[in-house]
Amino acid sequence: MKAIVAVCDDWGIGRDGDMLVTNRADMRHFVRCTSGHAVIMGRKTLESFPGGKPLKDRRNIVLTRDAAFAREGVEVVHSVDEALAAVAGEDEAWVIGGAEVYRQLLPLCCAVVVTKNRCTRPADAFFPNLDEDPAWHIAATDGGHVVEPGEGDAGMAYDFVTYEQGM
């Protein structure tokens, strides 16, 4: 299992249920990584998508404590164990948010693909700072990108960094 996330310099990931940065190149990167695979998310993350609809070309699994939650096109699980059982036969599964789902599943991930947006924005949701966690190390960096005009927050620098657990 892997996680994918976009963070700011302070590891902020969201505010009021929205992402902090608009970057269409990052969205295309997210689609390339996750298409054809299972994605695990929280209910609020699903509801933040356009129309609250599941992502196409992916097996959408929603981890929620809400026993009554149901949505067409998604599988609902109510515990980490159920989520793990749901993806047990998958060749690759991605944890895609939000903060509480990341917190619960990050220790079970072998890798995290992080888009590091070189800015700080007001945030109320954060991802653990992997640079300060000795369990994680940088395995690959694809840096030096800048958001192009018309692609979101134009001129903002960002890097794609892959972290792995262990040495």
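If you're wondering where the values come from, they're calculated on a predicted model, not measured in any experiment. (Residues numbered from 1 in each chain as written. Predicted model: local features only at pLDDT ≥ 70, side-chain atom pairs only at ≥ 80, totals over all residues. Heavy atoms only, no water.)

## So, the UniProt feature "domain: DHFR" (unreviewed entry) in the protein chain
Put simply, the rule reads: UniProt positions are given in the numbering used here, feature names are shortened, and annotations may be inferred rather than shown by experiment. Helix and strand assignments come from DSSP, with helices taken as H or I runs of at least 4 residues and strands as E runs of at least 2, each series counted from the N terminus.
Per the UniProt record, "domain: DHFR" (unreviewed entry) is found at residues 1-165. In this annotation, residues 1-165 is assigned 19% helix and 35% strand; the end-to-end C-alpha distance for the span is 12 Å.

## Notes on the environment of A125
Formally: Each residue is assigned to one of three classes by its accessible area relative to the maximum for its type, calculated with a 1.4 Å probe on protein chains only: buried under 20%, partly exposed between the two thresholds, exposed over 50%. Contacts are assigned to residue pairs with any non-hydrogen atoms lying within 4.5 Å of each other.
Position of A125 among the secondary structure elements: in strand β9 (residues 125-126). Classification of A125 by relative accessible area gives buried; the value is 16%. Contacts of A125, omitting those with residues within four sequence positions, involve W11, G12, I13, G14 and A99.

## Structural notes on the environment of H37
The cut-off we apply is this: The definition of a polar contact used here is a pair of N or O atoms within 3.5 Å, where within protein one atom must be able to donate a hydrogen and the other to accept one, and adjacent residues in sequence count solely through side-chain atom pairs.
Structurally, H37 can be placed in the loop between α1 (24-34) and β4 (38-42). Between the alpha carbons of H37 and F49 there is a distance of 18 Å; along the sequence they are 12 residues apart. Apart from residues lying up to four places away in sequence, H37 is in contact with D57, R58, R59, D91, E92 and W94. Separated by 3.3 Å, the side chains of H37 and E92 make a polar contact.

## Things to note about the sheet that holds strand β2 (residues 12-15)
Threshold: By definition, two strands form a pair when at least two bridges between them are found by DSSP.
Pairing in this open sheet of 3 strands is antiparallel, and the strands run β3-β2-β9 from one edge to the other. The open sheet has two edge strands with one neighbour each: β3 (18-19) and β9. Two strands pair when backbone bridges link them, and β2 and β3 are joined in this way by 2 bridges, in the antiparallel orientation. In the strand pairing of β3, R15 is matched with D18.

## Focus on the side chain of T64
Its place among the elements puts T64 in the loop between β5 (59-63) and β6 (74-77). You can call T64 buried: its relative accessible area is 7%. Polar contacts involving the side chain of T64 include one to the main-chain amide nitrogen of D66, which spans 3.0 Å. Apart from the residues within four sequence positions on either side, T64 is in contact with R43, F69, V76, V77 and H78.

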